[in-house]
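Next come the chains, spelled out residue by residue.
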Amino acid sequence: MNTINVVWGTGTGPTAMSAYDAALADANVHNYNLVTVSSVIPAAADVEAVGTAPDLGPAGERLTVVEAHANAAGPRHLSAGLGWTKAPEGPGLFYEVADETDAEDVAARVRAGLDAGRELRDWAFAGERVETTTVEADPGEYASAVVVACYGESEPIL
């Protein structure tokens, strides 16, 4: 694993799970079993915002991720955001926020989280980036917004 791909998507559906699945499909990570980790970026990893995931391996495999995920029934406005910062030759941090609010508020809260995380560590960070996505849930439907950092390629689960 050398690259962490950051992807995002939105979706709607008749149930909370179908909306979430549609959002994952929009990001092209719907065919994996997502295993969530906290938020530390390994020193050897590069982080790239790609929007839609490339082929990360066979369907049904395990994919390690950090995920921001908002899901609700309408009428609602949902946003998810994920930000990252990294030391030039060392580790880094992800910070995620998902809420029933606008993308600007979510991005501000992500940046505040990154600031707090930097304060806790004795690392020399360089820059940061935040990606957000937003969706409207109409009355009678569910909506989901996701931003997902995919750690490398998938691995067999069995």
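Further up the page is the structure itself.
In this report, the structure presented in the accompanying data block is examined. Bear in mind the structure is a predicted one, so any value in this text is a computation, not a measurement.

Brief notes about the overall build of the protein chain
The helix and strand inventory of the protein chain stands at two helices and nine strands. Overall, the protein chain shows an N-to-C arrangement of helices and strands of β-α-β-β-β-β-β-β-α-β-β. The C-alpha radius of gyration of the protein chain comes to 15 Å, within 12% of the 15 Å expected for a compact globule of 158 residues. If one aligns the C-alpha atoms of the protein chain with their principal axes, the spans along those axes are about 50 × 40 × 20 Å. In the protein chain, of all internal contacts separated by at least 6 residues, the share reaching a separation of at least 24 is 78%. Accessible surface, the protein chain as shown: approximately 7,500 Å² in total, 48% of it carbon and sulfur. Looking at the protein chain, you have 8 positive and 24 negative side-chain charges, and the mean spots of the two groups are 6 Å apart.

A short note on helix 2 (residues 103-119)
Since the α-helix turns once every 3.6 residues, residues separated by three or four places project in the same direction. For helix 2, spanning 17 residues, the distance from its first C-alpha to its last is 24 Å, which sits close to the expected 24 Å at 1.5 Å a residue. Along helix 2, the residues classified as buried are Ala103, Val106, Ala107, Val110, Gly113, Leu114, Gly117 and Arg118. The arc enclosing the buried residues of helix 2, seen along the axis, measures out at 135 degrees, which places them on a common side. Pointing more than 90 degrees away from the buried face of helix 2 are the exposed residues Glu104 and Glu119. In this structure, the buried side of helix 2 is in contact with strand 6 (76-86), strand 7 (92-99) and strand 8 (126-137). Two to three positions downstream of the cap, the backbone nitrogen of Glu104 sits 3.2 Å from a side-chain oxygen, assigning the N-cap of helix 2 to Asp102.

Overview of the packing of aromatic side chains
Tallying each qualifying case throughout the model produces three aromatic pairs. Considering the side-chain rings of Trp123 and Phe125, the 5.7 Å spacing of their centres and the 50 degrees angle between planes classify their relative orientation as tilted. Its guanidinium or amino end placed over the ring of Trp123, Arg121 lies 5.6 Å from that ring's centre, counting from NZ or CZ.

Quick look at helix 1 (residues 16-27)
Taking 1.5 Å as the rise per residue, helix 1 with 12 residues should run 16 Å; its terminal C-alpha atoms sit 17 Å apart, in good agreement. Along helix 1, the positions that sit buried rather than exposed are Ala19, Tyr20, Ala23, Leu24 and Ala27. Seen end-on, helix 1 carries its buried residues on one side only, within an arc spanning 140 degrees. Where helix 1 is buried, its residues touch strand 1 (3-13), strand 2 (33-36), strand 4 (46-51), strand 5 (62-73) and strand 9 (142-151). Of the residues trailing helix 1, Asn28 is marked for its positive phi of about 65 degrees.

Thresholds, definitions, all that
Residues numbered from 1 in each chain as written. Predicted model: local features only at pLDDT ≥ 70, side-chain atom pairs only at ≥ 80, totals over all residues. Heavy atoms only, no water. Helix = DSSP H or I, 4+ residues; strand = E, 2+ residues; numbered from the N terminus. Rg over C-alpha atoms; globule rule 2.2 N^0.38 Å. Contact = heavy atoms within 4.5 Å. Areas by Shrake-Rupley, 256 points an atom, 1.4 Å probe, with all protein chains shown as cover. Lys, Arg positive; Asp, Glu negative; His and termini not counted. Charge placed at Lys NZ, Arg CZ, Asp CG, Glu CD. Expected span 1.5 Å × (residues − 1). Buried < 20%, exposed > 50% of the residue type's maximum accessible area, 1.4 Å probe, protein only. Arc of directions from axis to C-beta. Polar contact = N/O pair within 3.5 Å; in protein donor to acceptor, adjacent residues only side chain to side chain. Phe/Tyr/Trp six-rings, centres within 6.5 Å; stacked < 30°, edge-to-face > 60°. Lys NZ or Arg CZ within 6 Å of the ring centre and 35° of its normal.

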